[in-house]
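# Coordinate inspection notes
Spelled out from the first residue to the last, the chains are:
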Amino acid sequence: MARRALTTTAAAFAATAALLLTACGGGGDSSSDDIKGAGTGTDSPSASPSSPSGRPDVSLPSDLEVEFDITKPSDTRHAAALESAQNYILALDHGITAQDPDDPAYRFYSLGSATKYAKSQIQAWVDDDWTATGSDSYYRGRTDDVGTSKGVLVTMCRDQSKFYGKNVKTKKIRYTKESLNDFQQFRLLMKPPQGSPKVWKVLQIEVQGRVEDCRR
């Protein structure tokens, strides 16, 4: 994953991001697309509060796989920001499969509108009796510094064509045919560690749907 100059679209997001990073956190929910299956179709695992490292459990049931085909940056700050961004995504899927809108995992890796986004996504799945199964893939990742804020913008593509909803009561899986709707671009604004624990957190998330450039 190469560090590159921000694209015009990413720069527009980063302009707002830089302002948020200089404030106390928060900001409006800038997501523009939802995770497939929410609000529409593995059994829920038991959520353990944390791993031996003291970080929350983001493990997933055996019938759901999340893949990150993204090269780790050589810059240590960028590498740490990317790792937390990936853990936030894992935590979101963990909350869905655990059927827990208040799951501690996504809260550990997020602040402000990113926390609200994760909670709303998980809540939608739970309300409609759906969990997730299949494969959720992320690739073509990049990291960029955000102005002089010391924040990092993590961008990645997503392919959810094999990511399906499964009804928690009937166990019926809602299969869908691959389409442009399955290809998204995620932009996650990462805030540097403050206090303890020393972990980067997602402050804001933008999800753009139907991204032709993310087709593989």
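Here's a quick rundown of the structure. (Residues numbered from 1 in each chain as written. Predicted model: local features only at pLDDT ≥ 70, side-chain atom pairs only at ≥ 80, totals over all residues. Heavy atoms only, no water.)

## Describing the packing of aromatic side chains
In the structure shown here, the tally under the stated rule is 5 aromatic pairs. A ring pair is formed by phenylalanine 68 and tyrosine 138, whose centres lie 5.3 Å apart and whose planes are at 25°; its orientation type is stacked. On the criterion of sequence distance, the pair formed by phenylalanine 68 in strand β1 (residues 64–69) and tyrosine 138 in strand β2 (residues 130–146) is long-range, its members being 70 residues apart. When its relative accessible area of 2% is taken as the criterion, tyrosine 138 is described as buried. The interplanar angle of 80° and the centroid separation of 4.9 Å between the aromatic rings of phenylalanine 108 and tyrosine 109 together place this pair among those described as edge-to-face. Per residue, the accessibility class of phenylalanine 108 equals that of tyrosine 109, and both read buried. Through a chain of ring-to-ring contacts, three or more aromatic side chains come together here, namely Phe68, Tyr138 and Phe186. It is lysine 201 that lies over the ring of phenylalanine 108; its NZ or CZ is 5.8 Å from the centre. (Phe/Tyr/Trp six-rings, centres within 6.5 Å; stacked < 30°, edge-to-face > 60°. Helix = DSSP H or I, 4+ residues; strand = E, 2+ residues; numbered from the N terminus. Buried < 20%, exposed > 50% of the residue type's maximum accessible area, 1.4 Å probe, protein only. Lys NZ or Arg CZ within 6 Å of the ring centre and 35° of its normal.)

## Some thoughts on the nonpolar core
The biggest cluster of nonpolar side chains holds 38 residues, and the ones touching the most others in it are Tyr88, Val154, Met156, Phe186, Leu188, Met190 and Ile205. The set of elements that each furnish at least two residues to this core consists of β1, α2 (76–98), α3 (104–108), α4 (112–127), β2, β3 (151–159), β6 (183–191) and β7 (201–208). (Core = buried A, V, L, I, M, F, W, Y, C linked by side-chain atoms within 4.5 Å.)

## Here's the deal with the pattern of salt bridges
Applying the stated rule across the entire model yields 10 salt bridges. Taking the shortest distance from any N to any O, the salt bridge between aspartate 102 and lysine 119 comes out at 2.6 Å. Taken together, the residues span a long stretch of sequence, with aspartate 102 in the loop between α2 and α3 and lysine 119 in helix α4 at a distance of 17 residues. We classify aspartate 102 as partly exposed; its relative accessible area is 43%. The class for lysine 119 is partly exposed, based on a relative accessible area of 29%. With its nearest N and O atoms 3.2 Å apart, the salt bridge here joins arginine 215 to glutamate 212. Judged by its relative accessible area of 31%, arginine 215 is partly exposed. Each of the salt bridges in this network shares a partner with another, and the network as a whole consists of Asp102, Arg107 and Lys119. (Salt bridge = Lys/Arg side-chain N within 4 Å of Asp/Glu carboxyl O.)

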